[in-house]
Amino acid sequence: MRASRGEPTRGQRVAELEATLLDLYRDPALVEKPALLGERGGAYYSEAAVGLPTAPVPPEMAGLIGHVSGYEELALQAALHDGRQRVYRALLAHPLLAQHEKADALTDQLIAAGAQHLAWVR
């Protein structure tokens, strides 16, 4: 509704805040939580943005993370470069899909739904 009134949506405002916060976090001299973070929302966001060390993930989670990371890389390449085959390969690699029939059926639907965002479709 806000977008129709010319006001930014919550998503647009959060994107603006994120960009500003990431610029602030690039400063190694920053030692206090930026006041702007209060407008962003999200518990523990400042800790996540700083990248505190964490314990290693268990092997079963490491495998899933690797699998999803591979899918995400393929999906990015599919979005940036032309080709139905790239979209299909990305969908086939997704750990929750991983079936030819489903990936093939979803490929054209996904391209059609996202065509406005894919320069290579236009």
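Refer to the structure presented above.
In this report, we go over the structure that sits alongside the text. (Residues numbered from 1 in each chain as written. Predicted model: local features only at pLDDT ≥ 70, side-chain atom pairs only at ≥ 80, totals over all residues. Heavy atoms only, no water.)

Where nonpolar side chains cluster on the molecular surface, the patch consists of Val57, Met61, Leu64 and Ile65 and spans about 340 Å² of accessible area. In this fold, Ile65 is placed in helix H4 (residues 59-80). (Patch = residues over 30% accessible without salt bridge, like charges linked within 9 Å, V, L, I, M, F, W, Y side chains within 5 Å. Areas by Shrake-Rupley, 256 points an atom, 1.4 Å probe, with all protein chains shown as cover. Salt bridge = Lys/Arg side-chain N within 4 Å of Asp/Glu carboxyl O. Helix = DSSP H or I, 4+ residues; strand = E, 2+ residues; numbered from the N terminus.)

So, on to the pattern of salt bridges. In this structure the tally under the stated criterion is 4 salt bridges. Put simply, Arg84 and Asp104 hold a salt bridge, and the shortest N to O gap is 3.0 Å. On the criterion of sequence distance, the pair formed by Arg84 in helix H5 (residues 84-93) and Asp104 in helix H6 (residues 100-114) is long-range, its members being 20 residues apart. On the basis of relative accessibility, which here comes to 32%, the residue Arg84 falls in the partly exposed class. (Buried < 20%, exposed > 50% of the residue type's maximum accessible area, 1.4 Å probe, protein only.)

Residues of H5 that are buried include every one of Val87, Tyr88, Ala90 and Leu91, and no others. Angularly, the buried residues of H5 cover 160° about the axis, an arc narrow enough to put them on a single face. Tucked inside the fold, the buried residues of H5 contact H4 and H6. (Arc of directions from axis to C-beta. Contact = heavy atoms within 4.5 Å.)

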